[in-house]
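Residue-level structural notes
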Amino acid sequence: MSRPIVALTFDDGPHPELTPRLLDILRQQGVRATFYVIGRNVETYPDIARRIVAEGHEIANHSWSHPALTSIGAGRLNSEIANTSQVIQRVTGRRPTNMRPPYGAINDRVRASILRDHGLDVIMWSVDPLDWKRPGAEVVRRRLVEGATPGGILLAHDIHPGTIEAMPGTIQDLKAKGYGFATVSQLLALQESKLAASSAQKPQPPVGNEGPASVQ
Ligand code: ZN
């Protein structure tokens, strides 16, 4: 039986001090996460972006300068997305496959551009601990752990000290509840394979007379 999985995601970095601290914690805990990075921060801190990838995490697009994509014109929308994917690829050798729009601001026009023009999946979240309001590490930990559900995507930001402080306890609590951890792309692949498995089961007619299903 497979155990439930959540994806930890961290937005708005890389941050020069906090992202390396977070990477140390994730390495100690043996957990892989997804980093929604800001393009201009990748340009400023390329070594940290490379470390994210080198340590097995996923790096994904969170725009170049963090505008609400719904409030900018088509030209800037295109460059916010394209320049970020380009700098990630140039610095890390990895081409991102998905994007989280800043503030979660999305509409049909922005969604179509991300998907169609840039070939990126749009990823939101299932739990928001409002860590950007800096409610304290214990509150962030409790909100993330209580909000977690199988297949959930947990939102956090690696630019707030309390969020980093919350992580060892958050990860320990989630492990104690039986959760494993995956990157967003891994989670999507798992969900797709489950969907494929469940749709493959439906049209199967009974084959011969094999008696009751075997008990394993
Ligand atoms: Zn953000």
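Coordinates for the structure precede this section.
The following paragraphs examine the structure supplied in this document. (Residues numbered from 1 in each chain as written. Predicted model: local features only at pLDDT ≥ 70, side-chain atom pairs only at ≥ 80, totals over all residues. Heavy atoms only, no water.)

1. A few points about the coordination of the zinc ion
What counts here: Distances define the donors: N, O and S atoms within 2.8 Å of the metal qualify, as do those within 3.2 Å of Na, K or Ca. Water is excluded, so some sites may look unfinished. Numbering of helices and strands starts at the N terminus; helices are DSSP runs of H or I of at least 4 residues and strands are runs of E of at least 2.
Coordination of the zinc ion by the protein is provided by Asp12 (OD), His62 (NE2) and His66 (NE2), with metal-donor distances spanning 2.0 to 2.1 Å. On the primary sequence, the residues serving as donors to the zinc ion are separated as D-x49-H-x3-H. Of this pair, aspartate 12 sits in the loop between strand S1 (5-11) and helix H1 (18-29) while histidine 62 sits in the loop between strand S3 (58-61) and helix H4 (74-92), and the two are 50 residues apart along the sequence.

2. Some words on the pattern of salt bridges
Rules: In what follows, salt bridge is the name for a side-chain nitrogen of Lys or Arg lying within 4 Å of a carboxyl oxygen of Asp or Glu. Per-residue accessibility, obtained with a 1.4 Å probe over protein chains only, is compared with the maximum for each type, and a residue is labelled buried under 20%, exposed over 50%, and partly exposed between these values.
A full pass over the atoms with the stated rule returns 11 salt bridges. The salt bridge involving aspartate 47 is made with arginine 50; its shortest N-O contact spans 2.8 Å. Linking aspartate 47 with arginine 50, this pair stays in helix H3 (residues 46-54), spanning three residues, or about one helical turn. On the basis of relative accessibility, which here comes to 55%, the residue aspartate 47 falls in the exposed class. Two residues, arginine 141 and glutamate 138, come together in a salt bridge whose shortest N-O distance is 3.6 Å.

3. Details of the packing of helix H6 (residues 137-147) against helix H7 (residues 161-176)
Using the following cut-off: To define axes, lines are fitted to C-alpha atoms, for helices over the stretch in contact only, and angles between the resulting N-to-C directions are given on a 0 to 180 degree scale. These descriptions rest on fixed angle ranges, namely under 35 degrees for roughly parallel, over 145 for roughly antiparallel, 65 to 115 for roughly perpendicular, and the rest for oblique. For any pair of crossing helices, the crossing counts as left-handed if the nearer helix is rotated counterclockwise from the farther one by less than a right angle, and right-handed if it is rotated clockwise. Note on contacts: a residue pair qualifies if any of its non-hydrogen atoms lie within 4.5 Å across the two residues. Residues are grouped as follows: Ala, Val, Leu, Ile, Met, Phe, Trp, Tyr, Cys and Pro are nonpolar; Asp, Glu, Lys and Arg are charged; every other residue, Gly included, is polar.
Where H6 meets H7, the closest approach of the two axes is 8 Å, and the angle between their N-to-C directions is 40°. Classified by the angle between their axes, H6 and H7 sit oblique to one another. As for how H6 packs across H7, the hand of that crossing is right-handed. On the side of H6, the interface is formed by Ala137, Val140, Arg141, Leu144 and Val145, while H7 contributes Gly162, Glu165, Ala166, Met167, Gly169, Thr170, Asp173 and Leu174. Of the residues contributing to the contact of H6 with H7, the split by class is seven nonpolar, three polar and three charged.

Spatial relationships are all this shows, so hold off on functional conclusions.
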